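Working through the structure, step by step
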Amino acid sequence: MLIILNHKMNLTIKEIKAYEEAIRDYNVVLMPQTPYMGLFTNGKYILGSQCISEYNATGGVSVDALVHLNVKYVLVGHFERRNINRDTDEIIKFKIKELLKNNILPILCISDNEENNHLSLINQIDNVFKMNEINLSKILIAYEPINYIGTNQNINLNMVKEKILFIKKYITENYSTNNQVLYGGSVNSNNVTELKELKIIDGLLIGSASLNINEVINIYNKINNWNLLNHKI
Ligand code: PGA
């Protein structure tokens, strides 16, 4: 099971240095704030990025920088970026192409309201999967129900199961690939065992709980079927 730690815009330089030392022996994917990424060179962890830019201009994050930092995974289409940064379908497609060209695995985040029919998920999947000349099997999906992102709620496990099974079936039937599907939204050490026991989730995308190193270690210890090697390119 793949554990992705998405720090968003959190932690001071002092806090992140202590975090880096404490996480060295753990097989997790770390996504610190971009200015801290160069600090993550010493551990068993794998470095990921919260973003890549669609433009070549001041303030962006280039794919070349990510390649040289040995970044293996990048989030694309996170709900917050679709809504706050206005990442459009076109931008999302461009980023995925750039990443795959450079042997970095994109994690395509897709979100909906838990009570929705599947149309919105289908649109978000089709937008990317209808592209030609990309290796679809290299794309990871992260399903995040909107109301659970950053809210630390009790997770409706039946809903998660239903949505993840739908996503897997839809992609297999329509695109003939078996993509890994992660879950994100309100994951913490109290619900991680139940999520794992659904036996259909290939990984977790963890925001708030990833900021507390003890919480990360608790989560890690509750999950023991590590499968990171499958994701090497
Ligand atoms: P959360 O965030 O774990 O704080 O709910 C998840 C995410 O935004 O990816």
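A few points on the structure.

Conventions and cut-offs
- Residues numbered from 1 in each chain as written.
- Predicted model: local features only at pLDDT ≥ 70, side-chain atom pairs only at ≥ 80, totals over all residues.
- Heavy atoms only, no water.
- Pairing = 2+ DSSP bridges.
- Helix = DSSP H or I, 4+ residues; strand = E, 2+ residues; numbered from the N terminus.
- Axes fitted to C-alpha atoms, helices over the stretch in contact; angles between N-to-C directions.
- Contact = heavy atoms within 4.5 Å.
- Phe/Tyr/Trp six-rings, centres within 6.5 Å; stacked < 30°, edge-to-face > 60°.
- Buried < 20%, exposed > 50% of the residue type's maximum accessible area, 1.4 Å probe, protein only.
- Right-handed = clockwise from strand over helix to strand, strands pointing away.
- Salt bridge = Lys/Arg side-chain N within 4 Å of Asp/Glu carboxyl O.
- Core = buried A, V, L, I, M, F, W, Y, C linked by side-chain atoms within 4.5 Å.

1. Side note on the sheet that holds strand E1 (residues 2-6)
Spatially, the eight strands close up into a barrel ordered E1-E2-E3-E4-E5-E6-E7-E8, and their pairing is parallel. Strand-to-strand, the axes of this sheet are offset by a mean angle of 25°, without reference to chain direction. Taken strand by strand, helix H5 (residues 119-129) contacts strand E5 (105-110) and strand E6 (140-143), and its axis lies near 155° from that of E5.

2. Looking at the packing of aromatic side chains
To describe a pair of aromatic rings, you give the distance between the ring centres and the angle between the ring planes. Taken as a whole, this structure holds five aromatic pairs when the rule is applied. Taken together, the ring pairs in this structure connect Phe129, Phe166, Tyr170 and Tyr175 into an aromatic cluster.

3. Description of the pairing of strand E7 (residues 181-184)
Here E7 shows a buried face lined by Val181 and Tyr183 and a second buried face lined by Leu182 and Gly184. As judged from the three bridges shared by E6 and E7, these two strands associate in the parallel manner. For isoleucine 141, the partnering residue across the bridge sits in E7 and is valine 181. Handedness of the crossover joining E6 and E7 through helix H6 (residues 157-175) is recorded here as right-handed. Summarising the sheet, E7 and strand E8 (residues 203-206) pair through three bridges and their orientation is parallel. Among the inter-strand pairings, tyrosine 183 is bridged to a residue of E8, identified as leucine 204. What joins E7 to E8 is helix H7 (residues 192-197), and the crossover it makes is right-handed.

4. Observations regarding the pattern of salt bridges
Within this structure, the stated rule accounts for 10 salt bridges. One salt bridge connects lysine 95 with aspartate 87, and the closest N-O pair in it is separated by 3.0 Å. A relative accessible area of 2% places lysine 95 in the buried class. Judged by relative accessible area, aspartate 87 falls into the buried class, the value being 7%.

5. So, unusual backbone geometry
If you check the backbone angles, asparagine 103 has positive phi at about 55° while not being a glycine. Despite not being glycine, serine 186 shows a phi value in the positive range, around 65°. Residue classification places serine 186 among the buried positions, given a relative accessible area of 8%.

6. Some thoughts on the nonpolar core
When a protein is soluble and globular, its nonpolar side chains tend to lie buried together. Counting 68 residues, the largest nonpolar core has Ile23, Ile96, Phe129, Ile139, Ile167, Tyr183 and Leu204 as the members making the most contacts within it. Looking at this core element by element, the count peaks at eight residues for H6. Beyond its immediate sequence surroundings of up to four residues, leucine 204 is in contact with Met1, Leu2, Ile3, Ile4, Leu182, Tyr183, Val187, Val192, Leu195 and Ile223. In terms of nonpolar packing, the next biggest core, distinct from the first, is built from 14 residues, Ile4, Met31, Tyr73 and Leu182 among them.

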